[in-house]
Each structure stands twice: as C-alpha cells, then as structure tokens.
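For reference, the chains in residue letters:
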Amino acid sequence: MSTEEEGVREKYCGWFDVLTTPLNACSLETYFPLLRDDGSDNQSAHIPLIVGCYQLNESSPVDPEDADAASSSAASSRCGELRLHMIPTPSTSKTEMQFGDAACVLQMESGVLDGKWKRRRKSNQSEDAIECANGTPLFASACASGSIHIHGLQNNINDSNTNTTSWSLNHFASTYGQNDTGLCLALAWNDYLNNNGDQIVSSYSKGEVAIHQVSYSGDTNEVPKLEETHRWNAHTLFGCPSEVWTCSFLRGAESVVLSGADDCSMKVWDIRQTQRPVHKVGDAEFEAGVTAISSHPSLDGIFAVGSYDEHVRLYDYRKMNEPLSKVSVGGGVWRIKWHPSTWSGKSSCRGKLLVAAMHGGCRVVNFPSLNGDVEEYTIEEADVISEFTAHESMAYGADWISFGTSELEAAASCSFYDRKAFIWDSS
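Residues numbered from 1 in each chain as written. Predicted model: local features only at pLDDT ≥ 70, side-chain atom pairs only at ≥ 80, totals over all residues. Heavy atoms only, no water.

(A) A look at the overall build of the chain. Helices and strands together make up the secondary structure of the chain, namely 2 helices and 31 strands. Burial status across the chain gives 60% buried among its 427 residues. Contacts in the chain between residues at least 24 apart in sequence constitute 59% of all its contacts with a sequence separation of at least 6. Taken as a whole, the chain presents about 16800 Å² of accessible surface, with 44% of it coming from carbon and sulfur. (Helix = DSSP H or I, 4+ residues; strand = E, 2+ residues; numbered from the N terminus. Buried < 20%, exposed > 50% of the residue type's maximum accessible area, 1.4 Å probe, protein only. Contact = heavy atoms within 4.5 Å. Areas by Shrake-Rupley, 256 points an atom, 1.4 Å probe, with all protein chains shown as cover.)

In structure tokens form, the structure reads like this:
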C-alpha cells in the first residue's frame, strides 16, 4: 500500500482494501460466489469482480457523463479495459477481503461505460438456481463505440498434476455500432423474465433504446449470438436527441422496458409498440436527468430510480402516479444495486440498496416496507443506513461482495478521475 493510500485509510475508516487502475474506472460489477473447480480438496468460493475502464487519452480524461465530448473525439483515441479480480472467501472476517492481482485484463476496442453479469434464474428450478450458458457466467459490456460485447468467465486448469488454475474472460459475441449510433451508455439483461429467452436492452447517447436477442449455438449450445430486434428513438431535449443514461427490463411485465435520460424523464415502453411510451414521469417529479433504473429481482413491478437530483425513488409499476418512497443520497446517482440476497427471494434484505452517488460517495439505503411478506407497499420514508466517502473523485461504480452471511459481506466501489477502487464495510 502506498503512502498516499495509507493517508486515505487514516482519514477514512471502514475500508479493507484499495487498488489503482491504469485507466479511469467507470463501472464495477460483481457476481455470485463460484467454487473453484480444480479437482482439489480446496473448495473455497471466489466472487468475480470486473472493473470496466474508459479513457480518452492520457492527458485529458473525458467524463462518461459528457457524451458529446466523447463522441466528438476520434475513435482511435479511446481505450478501454475489462479488469477481472477473483475475491476469495475470507478465512475468518470480512476485514480480510482483498482485490488481489488482476486475474485477467482484456484490452477492449473502445472505452467501457457499463457492464452487467447475466443472473437469470431458471423457471423450473429452485429459487437459488442461477442459469447460464452451459454453466458459464456471461458478462455483457457497453462501449463508447456503440458496440456490445459478451464474454464468458472460464476456470482453466493450467497443470493437471498440481491442480493449478487460472481465470479468463473469453469473447463470445459482439455487435458493432454504426457511425450514427453514438455511445452505448448502459445495458441490462432480461434477468426477470422467463418466456422471451435471453435479451439485452441497451441505451445510447443519441436518444435511442435497442433490444438484442441472445441465442445460443455450437456443439454444446453454449456460444451466444446477438441479433438486434428492436430500436427506437426514445428521448429528446429541445428537439434534439437526449442521452439515454439508463435502461432496464421489469420483473413481472414481459414486454416492458424502462428508460431514463438527460431530458429529466423516465419512460415506460411496451416493446410491441414503441411509437410512444406507455407512461412518462417527467420534470414535475425529477429535477435533473434520470441516470439509473433497476428492477427489483424478486418483487413484481417494483423498481428503483436514481437521478442527478441526488435522490433515489422507489416505484410500483401498478401505481405510477407517485413514488412509494424518495430518499436523498448526497450526490447525483449513477448506479444502484439491490442486495444480492434478493435474487433468492429472501425477505429480510429485500429493501436494501447500494448507491454510487458520484461526488457524494456511496450510500446503503433501506426501504423498510419491502423487508417482509407484505404484497401491498405503502408510501413511506426510506433510511440511509451507511455511507462511504473515501473516494476523492466521482463514484461511478458500486456492487456488493457477499459470501452469504452478514459477517462475510462488504461493498466495492470505484471512482473515475483518481482511478481508485475500494472494498469497504457496508454494515
């Protein structure tokens, strides 16, 4: 640890590890714990963590919020990386959590602005079963070139005699953005749907939203392919295309897509008819651009929305006249992540949300009415139950690190200009 990092640690308690990325850190995404499959007796779990990086050039980093500046630069001047870290299970305490060395670094064809692991549950299996192509965890990334890439996480046995292994990200599929596409700003898998196959929704700097169907081929039916099936103009501002910062599918509504943009609006779309939105929440509610939307993993119709106006709002798709709750998080919201236990339907943490709040650092928010078995959710106050302010730059990425118990649970986050990523105590 450098002298500078030691100084930060003395100033801000509550973090366990820090790393510096070579390029500006723009997104941070974690997956479920995976057992090492090497035939040995050591069956400790590792959590995959990917930091997505974006940089225009070494002398003048471009903020991912400034889509016009990034678009006007030559594509050859942009660079990006996916940096994979495998976080091992701590032997005794969460304080032992560390990034370790990068297990894999991929040089991307352009800057990485967003990324998501596929977390889809099989409809005919138990609530804890997670589906992926032939057991391979899939990661989709959104790039400044307008392209989407899918990689698969692979555990490689390097030496069968010693059972040594390594982890890699193998390229499976890509779309290639056209010149008029703009930047691909965000994407999301259809983790909440069961009947439409795998899909990815993506949003762009020139006001568009698109849907890509993911199909599988190969001898073992494990290689994904991407095919664009829908694209439409979704947001404008003063008659010009508006950056669509965020998009999401909605659990419990198979043809519904949500989008949020710099025009201070969130829109609800039926992808069977995209000439106009089914519903729009505009500047009567939002005081600035809408930057983050996330559907609840286990509750139909429930989703959270973040905005530059420094608030996170909770909505019920069946009651769109006003949010169920609204909470200030001290900075413009860039990413929101539901607690990982919500993917298995457990009720005790169903209202818990991790927020990357840009200049405000990070917050953990709790919506109390979601933490039980009640199906009717009422308007209520939300709580900020913890915060992390060690970032000295805009906190753009955040996600949970959870090995299944609160004693082995933390958060990780990254910031753009200072190229830092932290693991910290979320309790």
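So that's the structure; there's more coming.
(B) Structural context of the sheet that holds strand 26 (residues 352-356). With antiparallel pairing, 4 strands are arranged side by side in an open sheet as 25-26-27-28. Both outer strands of the open sheet, strand 25 (335-338) and strand 28 (383-388), are each paired with one neighbouring strand and no more. Pairs of neighbouring strands in the sheet enclose a mean axial angle of 20 degrees, with direction left out of account. Inspection of the sheet shows strand 27 (residues 362-366) paired to strand 28 by 5 bridges, in the antiparallel sense. The partner of Arg 363 across the bridge, within strand 28, is Glu 387. (Pairing = 2+ DSSP bridges. Axes fitted to C-alpha atoms, helices over the stretch in contact; angles between N-to-C directions.)

(C) The arrangement of the sheet that holds strand 1 (residues 15-20) in detail. Strand order in the open sheet formed by 4 strands is 1-31-30-29, with antiparallel pairing between adjacent strands. Of all the strands in the sheet, just strand 1 and strand 29 (395-402) have a single pairing partner and so form its edges. With direction set aside, neighbouring strand axes in the sheet form an average angle of 15 degrees.

(D) Main features of the pairing of strand 13 (residues 208-217). Judged from the 6 bridges that link them, strand 12 (residues 198-204) and strand 13 form a sheet pairing that is antiparallel. In the strand pairing of strand 13, Ser 202 is matched with Ala 210. If you look at the hairpin formed by strand 12 and strand 13, you'll find 3 residues sitting between the two strands, and Gly 207 has a positive phi there, around 85 degrees. As judged from the 10 bridges shared by strand 13 and strand 14 (residues 223-233), these two strands associate in the antiparallel manner. Bridge pairing in strand 14 places Ala 210 opposite Arg 231.

(E) View of the side chain of Ser 307. Structurally, Ser 307 is set in strand 22 (residues 302-307). Given the relative accessible area of 0%, Ser 307 is considered buried. Setting aside chain neighbours within four positions, we find Ser 307 in contact with Phe 286, Ala 288, Gly 289, Val 290, Thr 291, Arg 313, Gly 332 and Val 333.

(F) Main features of the packing of aromatic side chains. Following the criterion strictly, the structure yields 15 aromatic pairs and no others. Seen in terms of ring centroids, Phe 388 and Phe 422 are 5.3 Å apart; in terms of plane orientation they differ by 65 degrees. Their pairing is edge-to-face. With Phe 388 in strand 28 and Phe 422 in strand 31 (residues 420-424), this residue pair connects regions lying 34 residues apart in the sequence. We classify Phe 422 as buried; its relative accessible area is 3%. Members of the aromatic cluster, joined through ring pairs, are Trp 245, Tyr 308, Trp 334, Tyr 396, Phe 416 and Tyr 417. (Phe/Tyr/Trp six-rings, centres within 6.5 Å; stacked < 30°, edge-to-face > 60°.)

(G) Examining the nonpolar core more closely. Counting residues in hydrophobic clusters, the biggest one holds 33 residues, and the most contacted among them are Leu 82, Leu 84, Leu 169 and Val 201. Setting aside anything within four residues of it in sequence, one finds Leu 84 in contact with Pro 48, Leu 49, Ile 50, Ala 102, Ala 103, Cys 104, Leu 153, Trp 167 and Leu 169. Listed in part, the 21 residues of the second largest apolar core include Ile 47, Ala 410, Ala 412 and Ala 421. (Core = buried A, V, L, I, M, F, W, Y, C linked by side-chain atoms within 4.5 Å.)

(H) Quick peek at the pattern of salt bridges. Inspection of every chain in the model, using the stated rule, returns 17 salt bridges. Ionic pairing is found between Glu 81 and Arg 83, a salt bridge with its closest N-O pair at 3.0 Å. A relative accessible area of 7% means that Glu 81 is categorised as buried. Among the residues examined, Arg 83 registers a relative accessible area of 14% and is labelled buried. Connected through salt bridges with shared partners, the residues Glu 29, Arg 119, Lys 337 and Asp 399 form a single ionic network. (Salt bridge = Lys/Arg side-chain N within 4 Å of Asp/Glu carboxyl O.)

(I) Structural view of the pairing of strand 1. The buried fraction of strand 1 is high, at 5 of 6 residues. Examined bridge by bridge, strand 1 and strand 31 share 5 bridges and lie antiparallel to one another. Across the sheet, residue Val 18 finds its bridge partner in strand 31, namely Phe 422.

(J) Fine view of unusual backbone geometry. Unusually for a residue other than glycine, Cys 264 sits at a positive phi of about 65 degrees. When you line up the elements, Cys 264 lands in the loop between strand 18 (253-261) and strand 19 (265-270). Backbone geometry places Glu 310, a non-glycine residue, at a positive phi of 75 degrees. Along the chain, Glu 310 falls in the loop between strand 22 and strand 23 (311-316). Relative accessible area serves as the criterion here: at 27%, Glu 310 is assigned to the partly exposed category.

(K) Main features of the side chain of Asp 399. Note on placement: Asp 399 falls in strand 29. The contact partners of Asp 399, leaving out residues within four places of it in the chain, are Leu 28, Glu 29, Thr 30, Arg 119, Lys 337, Leu 354, Ala 411 and Ala 412.

(L) Layout of the state of the cysteines. As enumerated under the stated definition, the model contains 0 disulfides in all. Summary of cysteine pairing: Cys 143 is not part of a disulfide, and the nearest cysteine sulfur, belonging to Cys 184, is at 7.7 Å. Given the relative accessible area of 0%, Cys 143 is considered buried. (Disulfide = S-S within 2.5 Å.)

(M) View of the environment of Ser 255. Tracing the backbone through its elements, the reader meets Ser 255 in strand 18. Each C-alpha atom of the pair Ser 255 and Arg 272 lies 6.9 Å from the other, and the pair is 17 residues apart in sequence.

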